[in-house]
Amino acid sequence: MNSSYQQLIQNLEYLKLKQMICHLNETIDFSTKNQLSFVDTLVKLTNYEIDMRERNMINSMVKVGAFPHLKELKDFDFDFQPSINKQQILDFTTLRFIEENENIVFLGPSGVGKTHLATAIGIAAAKKRTSTYFIKCHELILQLKKAKMENRLDNRLKHYGKYKLLIIDEIGYLPIDREDAKLFFQLIDLRYEKKSTIFTTNANFKDWGEVFQDSKLANAILDRILHHATVINIVGDSYRIKNHLEREKENAGVLIIQ
């Protein structure tokens, strides 16, 4: 005949409560030693299961976000980019802007950290179980074009429209023809004042008419993006060039030593 302890293990296995099984003995010992009540013991034991499920949920949310890398704000060198207000960026990670359905635009030349910052805010949102998705502008356009050709554009727009935070990276790096610009406008219009979007771009707003090859459409897009938005204009050197020069310096140092 099974003991009560063995029956408990079997019950937990049946319920697939793996963490409770793993921590059962130590919890019983702790409870006995500290004379915990039955309720306090159950709370302690179930917390192990909940903590693991929360971690798994967070990892899943981050994975679904499709981020290009897992760089967070702690990995960003604010000293190298003094034009950025660190406290303002930290405030974005509280997700107040999402509650207000506001946008963020990171504007600046290549390599200054726009994608890093956008990704870091996105990861912070995902970790707080906010539905988040990252996509490069060129890939987004390709996906919308394909959906239109397959007569499923509405579903694809709804897919990108559902995320509480959508990150659209690298606007302006590649030209967008007028028909594709119309698809992009539909998505921006769908999310307008309903959901938050983070944009990164190397193109000044006055040049968006050339990017989208239609000044009126570009103005309509900008009007909806900037109506409720914070623009972070990053003026500084490229991290990539900085890292390249540092590697060259290190290599030169090795050669001198040899």
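The structure we're discussing is the one just above.
Keep in mind it's a predicted model, so treat the numbers as computed, not measured.

Scoring rules and cut-offs
- Residues numbered from 1 in each chain as written.
- Predicted model: local features only at pLDDT ≥ 70, side-chain atom pairs only at ≥ 80, totals over all residues.
- Heavy atoms only, no water.
- Axes fitted to C-alpha atoms, helices over the stretch in contact; angles between N-to-C directions.
- Helix = DSSP H or I, 4+ residues; strand = E, 2+ residues; numbered from the N terminus.
- Parallel < 35°, antiparallel > 145°, perpendicular 65-115°, else oblique.
- Contact = heavy atoms within 4.5 Å.
- Nonpolar A, V, L, I, M, F, W, Y, C, P; charged D, E, K, R; others polar.
- Phe/Tyr/Trp six-rings, centres within 6.5 Å; stacked < 30°, edge-to-face > 60°.
- Buried < 20%, exposed > 50% of the residue type's maximum accessible area, 1.4 Å probe, protein only.
- Pairing = 2+ DSSP bridges.
- Patch = residues over 30% accessible without salt bridge, like charges linked within 9 Å, V, L, I, M, F, W, Y side chains within 5 Å.
- Areas by Shrake-Rupley, 256 points an atom, 1.4 Å probe, with all protein chains shown as cover.
- Salt bridge = Lys/Arg side-chain N within 4 Å of Asp/Glu carboxyl O.
- Expected span 1.5 Å × (residues − 1).
- Arc of directions from axis to C-beta.

S.K.: How should I be thinking about the packing of helix α8 (residues 137-149) against helix α9 (residues 153-161) in this particular structure?
M.R.: In helix packing, the relevant descriptors are the interaxial angle and the interaxial distance, both defined with respect to the helix axes. The interhelical angle for the contact between α8 and α9, taken along N-to-C directions, is 150 degrees, at an axis separation of 7 Å. One element, α8, and the other, α9, form an angle in the roughly antiparallel class. Between α8 and α9, the contacting residues are Leu140, Gln143, Leu144, Ala147 and Lys148 on the first element and Leu153, Arg156, Leu157 and Tyr160 on the second. Partitioned by chemical class, the residues of the contact of α8 with α9 number six nonpolar, one polar and two charged.

S.K.: Looking at this structure, I do not really get the packing of aromatic side chains. What am I missing?
M.R.: Here the distance between the centres and the angle between the planes together describe a pair of aromatic rings. Taken as a whole and assessed by the stated rule, the structure comprises seven aromatic pairs. Taken together, a centroid distance of 5.2 Å and an interplanar angle of 20 degrees make the contact between Tyr133 and Tyr163 stacked. One end of the pair, Tyr133, is in strand β2 (residues 132-136); the other, Tyr163, is in the loop between α9 and β3 (165-171), and 30 residues separate them in sequence. Tyr163 carries the same exposure label as Tyr133, and that label is buried. Centre to centre, the rings of Phe205 and Trp208 are 5.7 Å apart; their planes meet at 70 degrees, and the pair counts as edge-to-face. Phe205 sits in the partly exposed class, given a relative accessible area of 23%. The buried category is assigned to Trp208, whose relative accessible area is 1%. Taken together, Phe184, Phe205, Trp208 and Phe212 form an aromatic cluster joined through their ring pairs.

S.K.: I would appreciate a short explanation of the side chain of Thr200 in the present structure.
M.R.: Tracing the sequence through the fold places Thr200 in strand β4 (residues 196-201). Thr200 gets classed as buried once you look at its relative accessible area, which sits at 0%. If we skip the residues at most four places from it in the chain, Thr200 touches Phe106, Lys114, Thr115, Ala118, Ile168, Asp169, Glu170 and Ile171.

S.K.: Would you explain unusual backbone geometry in this entry?
M.R.: Note: most residues except glycine have negative phi, and most peptide bonds are trans. In this model, Lys16 sits at a positive phi of 60 degrees, which is unusual for a non-glycine residue. Inspection of the secondary structure assignment puts Lys16 in the loop between α1 (4-14) and α2 (18-22). Its relative accessible area of 64% is what places Lys16 among the exposed residues. The backbone phi angle of Ala66 is positive, close to 55 degrees, even though this residue is not glycine. Relative to the helices and strands, Ala66 is located in the loop between α4 (38-64) and α5 (86-92).

S.K.: I keep staring at the packing of α8 against helix α10 (residues 178-191) and nothing clicks. Help me out?
M.R.: Two elements in contact, α8 and α10, have axes separated by 10 Å at closest approach and are oriented at 95 degrees. Compared by their axis directions, α8 and α10 come out roughly perpendicular. Taking contact as the criterion, the partners of Cys137, Leu140, Ile141, Leu144, Lys145 and Lys148 in α8 are, on α10, Glu179, Asp180, Leu183, Phe184 and Leu187.

S.K.: I tried to follow the sheet that holds β2 on my own but got confused; where do I start?
M.R.: Within a beta sheet, neighbouring strands are joined by backbone hydrogen bonds and run either parallel or antiparallel to one another. The strand order across the open sheet built from five strands is β2-β3-β4-β1-β5, with neighbouring strands paired in parallel fashion. Taken across any chain shown, the strands that pair with only one partner, and hence form the sheet edges, are β2 and β5 (229-233). Each adjacent strand pair in this sheet contributes to an overall mean axis angle of 15 degrees, direction not counted. Of the pairings in the sheet, the one linking strand β1 (residues 103-107) to β5 comprises five bridges and is parallel in character. Each bridged residue has a counterpart across the sheet, and for Leu107 the counterpart in β5 is Asn233. Across the face of the sheet, α8 comes into contact with β2 and β3 while running at roughly 95 degrees to β2.

S.K.: How should a nonpolar patch on the surface be read in this particular structure?
M.R.: The grouping of Phe38, Val39, Leu42 and Val43 at the surface amounts to a nonpolar patch, some 400 Å² of accessible area in total. Along the chain, Val43 falls in helix α4.

S.K.: Explain helix α12 (residues 215-226) to me, please; I cannot follow it from the model alone.
M.R.: Under the 1.5 Å per step criterion, the end-to-end length of α12 is 16 Å for twelve residues, consistent within 8% with the ideal 16 Å. For α12, the full list of buried residues reads Leu217, Ala218, Ile221, Leu222 and Ile225. For α12, the buried positions fall inside an angular range of 135 degrees around the axis, keeping them on one side. The exposed set on the far side of α12, more than 90 degrees from its buried face, consists of Lys216 and Asn219.

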